[in-house]
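Okay, here's what each chain looks like letter by letter:
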Amino acid sequence: MDRDFNRIVNSYSSMLLRICMHYTKNTTDAEDIVQATFLKLIEKDVIFDSTEHEKAWLIRVCVNLCKDNLKSIWNKKVDSIKYMEIELESYEIDEKFSMLSYIRTLPPKQKAAIYLFYYEDMTIKEIAISMGTNNNTVLSWLRRGRKTLEKLLKERL
């Protein structure tokens, strides 16, 4: 398990951190959630059928923990510094950042589907499995998200 756990952490930690940053917009919370995701893996002692199952399970747990974090009393009641202008982390600085800021304005399911599809190169099937829905629902989220992004970008011009 130790060698396998190390492989899983090395393979997925940066992807999970990016997903968490997408939800929380806060490095500290994102790192905590990634750690909690790996702790769930240890607690549950899950046996995976394939690497696709492994990846989908980790993403599903990670997304659920992000949602729980966003629903917490702390986030509802406290005006946190995470909404202030903070120097961007190195993994966020690229030509895609401006597009990410538009993607972050989408409704949660559309935002997650578009992020996973375009930034994590996941297939429709993988997204559906990791988000606990069917392929057609993911396609609808992607279509609606693209339409909204197109509208936002046209308004910008």
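Here, residues in each chain are numbered from 1, in the same order as that chain's written sequence. Local features are withheld for residues below a pLDDT of 70 in this predicted model, meaning they are given only at 70 or higher, and side-chain atom pairs are given and counted only at 80 or more; totals for whole chains, interfaces and linings count all residues. Side-chain metrics in this entry use all non-hydrogen atoms of the structure; hydrogen atoms and water are not considered.

(A) Region of the structure containing the environment of Glu31. What counts as a helix is a DSSP run of H or I of at least four residues, what counts as a strand is a run of E of at least two, and both are numbered from the N terminus. Mapped onto the elements of the fold, Glu31 is located in helix H2 (residues 27–44). When accessible area is computed with a 1.4 Å probe and restricted to protein chains, residues below 20% of their type maximum are described as buried, those above 50% as exposed, and intermediate ones as partly exposed. You can call Glu31 partly exposed: its relative accessible area is 41%. In the structure, Glu31 is positioned 14 residues away from Leu17 in sequence and 6.4 Å away in space, judged by C-alpha atoms.

(B) Looking closely at unusual backbone geometry. Phi at Lys25 is positive, roughly 60 degrees, even though this residue is not glycine. Following the sequence through the fold, Lys25 ends up in the loop between helix H1 (2–24) and H2.

(C) The arrangement of the nonpolar core in detail. Residues grouped as a nonpolar core are buried Ala, Val, Leu, Ile, Met, Phe, Trp, Tyr and Cys residues, joined through side-chain atoms within 4.5 Å. By size, the foremost hydrophobic cluster in this structure holds 43 residues, and its most contacted members are Leu16, Ile19, Leu58, Ile59 and Leu116. The set of elements that each furnish at least two residues to this core consists of H1, H2, helix H3 (51–71), helix H5 (97–103), helix H6 (108–118), helix H7 (124–131) and helix H8 (135–156). Top contributing element to this core by residue count: H1, with 10 residues. Apart from the residues lying within four places of it in its own chain, the contact partners of Ile19 are Ile59, Cys62, Val63, Tyr115, Leu116 and Glu120. Any pair of residues with heavy atoms lying within 4.5 Å of one another is described as a contacting pair.

(D) Representation of the confidence of the model for the protein chain. Values of pLDDT, the confidence the predictor places in each residue, fall between 0 and 100. Averaged over every residue, the pLDDT of the protein chain is 82; the share at 70 or more is 82%. No element of the protein chain has a lower mean pLDDT than helix H4 (residues 73–77), which averages 57, and none a higher one than H2, which averages 92. Under a pLDDT of 50 for its full length, residues 79–97 has, in the predicted model, 17 contacts with residues more than four places off or in other chains.

(E) Just the environment of Tyr102, in detail. Counting through the fold element by element, Tyr102 comes out in helix H5. For the pair Tyr102 and Glu150, spaced 48 residues apart in sequence, the C-alpha separation works out to 10.0 Å. Ignoring any residue separated from it by four or fewer positions in sequence, one finds Tyr102 in contact with Leu149, Leu152, Leu153 and Arg156.

(F) Here's a closer look at the packing of aromatic side chains. For this analysis, a ring pair means two rings from Phe, Tyr or Trp (six-membered ring only for Trp) whose centres lie within 6.5 Å, classed as stacked if their planes differ by under 30 degrees, edge-to-face if by over 60, and tilted for the remaining angles. Counting across every chain of the model gives four aromatic pairs. Both rings, one in Phe48 and one in Trp57, keep their centres 5.8 Å apart while their planes meet at 65 degrees; by these two values the pair is edge-to-face. The interplanar angle of 10 degrees and the centroid separation of 5.3 Å between the aromatic rings of Tyr115 and Tyr119 together place this pair among those described as stacked. For Tyr115, a relative accessible area of 5% gives the class buried. Definition used: whenever NZ (Lys) or CZ (Arg) falls within 6 Å of the ring centre and also within 35 degrees of the ring normal, the charge is taken to sit over that ring. Over the aromatic face of Tyr23 sits the side chain of Lys111, whose NZ or CZ is 5.7 Å from the ring centroid.

(G) Quick look at the environment of Ile103. Inspection of the secondary structure assignment puts Ile103 in helix H5. Here Ile103 is in contact with His22, Lys111, Ile114, Tyr119 and Leu149, once residues within four sequence places are set aside.

(H) Summary view of the pattern of salt bridges. Between Lys or Arg on one side and Asp or Glu on the other, a salt bridge is scored when a side-chain nitrogen of the former is within 4 Å of a carboxyl oxygen of the latter. Throughout the structure, instances matching the rule amount to five salt bridges. When the shortest N-O distance is used, the salt bridge between Arg18 and Glu120 registers 2.8 Å. Of this pair, Arg18 sits in helix H1 while Glu120 sits in the loop between H6 and H7, and the two are 102 residues apart along the sequence. The class for Glu120 is buried, based on a relative accessible area of 8%. Here Glu150 ties to Lys154 by a salt bridge, and the two come within 3.3 Å at their closest N and O atoms.

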